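Here's the letter readout for the chains.
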Amino acid sequence: MTQDELKKATAEAALKRILPHLEDNMIIGIGTGSTANFFIDALAAHKAKFDGCVASSQASADRLKGHGIQVYDLNSVSSLRFYIDGADEANEHLHLIKGGGAALTREKIVAAVAKEFICIADGSKKVDVLGQFPLPVEVIPMARSHVARELVKLGGDPAYREGVVTDNGNVILDVWNMQIVDPMTMEQKINQITGVVTNGLFAQRPANVLLLGMEGGVKTITA
């Protein structure tokens, strides 16, 4: 199977998981990226079974609207039963690295509101130790150099993601060569650097369920 076929399989598995729970007044949180796009496309066939979605990026909001699915601002929503999104890396504890698509801050906010975070990814994203994928950090533009210096002190090699501006008007530093053996502590340390909006470690709020697309089928890992 191709990587896209594996992603599509996990998206369909996530849809199958939530379908029995859909209700007329339900609002679903939707993430960003290629795997989330497969989920949006699959979800569209069932849009009459729920109210609408909260999107973690403008790109996902546009895709949802293109399918005729109502998109809500999170400020108008008190709770989300589900949040479905992909990941750039995941470990056995369901700690994640996210942010390859530069939507990490909004993804983290939507995940914080959701009762159940279902992460969907192809099997290549499962790792023993996080950090082979560069860790994205969203930064206030004027603090970019200061934050980069502080990230070096934490053992990373930050690189400015040129030409990228987040939906929040900020910039991204990608931190290379960092073996993240304690994701919860590292998430806290990076977030305490002045000028950091947030970082792409999802350890304080990990996924509840990880669906991995494998050659033999979709593997389910739960917390």
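Residues numbered from 1 in each chain as written. Predicted model: local features only at pLDDT ≥ 70, side-chain atom pairs only at ≥ 80, totals over all residues. Heavy atoms only, no water.

### Describing the sheet that holds strand S10 (residues 196-199)
As summarised here, the arrangement of the 4 strands in space is S8-S9-S7-S10, forming an open sheet in which the pairing is antiparallel. If you trace the sheet from one side to the other, it starts and ends with strand S8 (157-160) and S10, each paired once. The average undirected angle you get between the axes of adjacent strands in this sheet is 30°. Packing of helix H5 (residues 144-153) onto the sheet brings it into contact with strand S7 (135-139), S8, strand S9 (171-176) and S10, and relative to S9 it is tilted by some 15°. Against the sheet, helix H6 (residues 183-191) contacts S7 and S10, and its axis sits at roughly 165° relative to S10. (Pairing = 2+ DSSP bridges. Helix = DSSP H or I, 4+ residues; strand = E, 2+ residues; numbered from the N terminus. Axes fitted to C-alpha atoms, helices over the stretch in contact; angles between N-to-C directions. Contact = heavy atoms within 4.5 Å.)

### A short note on a nonpolar patch on the surface
Judged by side-chain polarity, Ile 140, Met 142 and Val 197 come together as a nonpolar surface patch covering roughly 310 Å² of accessible area. Tracing the backbone through its elements, the reader meets Ile 140 in the loop between S7 and H5. (Patch = residues over 30% accessible without salt bridge, like charges linked within 9 Å, V, L, I, M, F, W, Y side chains within 5 Å. Areas by Shrake-Rupley, 256 points an atom, 1.4 Å probe, with all protein chains shown as cover. Salt bridge = Lys/Arg side-chain N within 4 Å of Asp/Glu carboxyl O.)

### Comments concerning the domain arrangement of the protein chain
Per the domain assignment, the segments making up the protein chain are domain 1 (3-127 + 204-222) and domain 2 (135-199). Centre-to-centre, using C-alpha coordinates, domain 1 lies 24 Å away from domain 2. Across the boundary between the two partners, domain 1 contributes 15 residues, which contact 19 residues of domain 2. Taken together, the two surfaces of domain 1 and domain 2 that pack against each other cover about 1,300 Å², and 53% of this comes from carbon and sulfur. (Domains from an automatic or database assignment. Buried area = accessible area lost by both parts, 1.4 Å probe.)

### What to know about the packing of aromatic side chains
A complete count under the given rule lists 2 aromatic pairs for this structure. Ring centres of Tyr 83 and Phe 117 lie 5.0 Å apart, and the angle between their planes is 45°; on these two criteria the pair is classed as tilted. One end of the pair, Tyr 83, is in strand S3 (residues 80-85); the other, Phe 117, is in strand S6 (residues 114-122), with 34 residues separating them in the sequence. The two residues Tyr 83 and Phe 117 agree in class, both being buried. Through successive ring pairs, a cluster of aromatic residues spans Tyr 83, Phe 117 and Phe 202. Here the basic side chain of Lys 98 rests over the ring of Phe 202, its NZ or CZ set 5.6 Å away from the ring centre. (Phe/Tyr/Trp six-rings, centres within 6.5 Å; stacked < 30°, edge-to-face > 60°. Buried < 20%, exposed > 50% of the residue type's maximum accessible area, 1.4 Å probe, protein only. Lys NZ or Arg CZ within 6 Å of the ring centre and 35° of its normal.)

### Notes on the state of the cysteines
What makes a disulfide is a covalent bond joining the sulfur atoms belonging to two cysteines. If you walk through the whole model with that rule in mind, you get 0 disulfides. Here Cys 53 stays free of any disulfide, with the sulfur of Cys 119 as its closest cysteine sulfur at 17 Å. We classify Cys 119 as buried; its relative accessible area is 0%. (Disulfide = S-S within 2.5 Å.)

### A word on the sheet that holds strand S13 (residues 217-222)
If you trace the 6 strands from one edge of the open sheet to the other, you get S2-S1-S3-S6-S12-S13, paired in mixed fashion. The sheet is open, and its two edges are formed by strand S2 (52-55) and S13, each paired on a single side. When strand polarity is set aside, the average angle formed by the axes of neighbouring strands in this sheet is 25°. When strand S1 (residues 27-30) meets S3, the two strands line up parallel, connected through 2 bridges. Among the inter-strand pairings, Ile 30 is bridged to a residue of S3, identified as Ile 84.

### With respect to the pattern of salt bridges
For the structure shown, the criterion picks out 9 salt bridges. For Arg 17, the salt bridge goes to Glu 116, with nearest N and O atoms at 3.5 Å. One end of the pair, Arg 17, is in helix H1 (residues 3-18); the other, Glu 116, is in strand S6, and 99 residues separate them in sequence. The exposure class assigned to Arg 17 is partly exposed, which follows from its relative accessible area of 34%. Between Asp 122 and Lys 125 there is a salt bridge whose closest N-O contact spans 2.6 Å. Of the residues examined, Lys 125 reaches a relative accessible area of 15% and is grouped as buried. Taken together, the shared-partner salt bridges in this structure form one network comprising Arg 17, Arg 81 and Glu 116.

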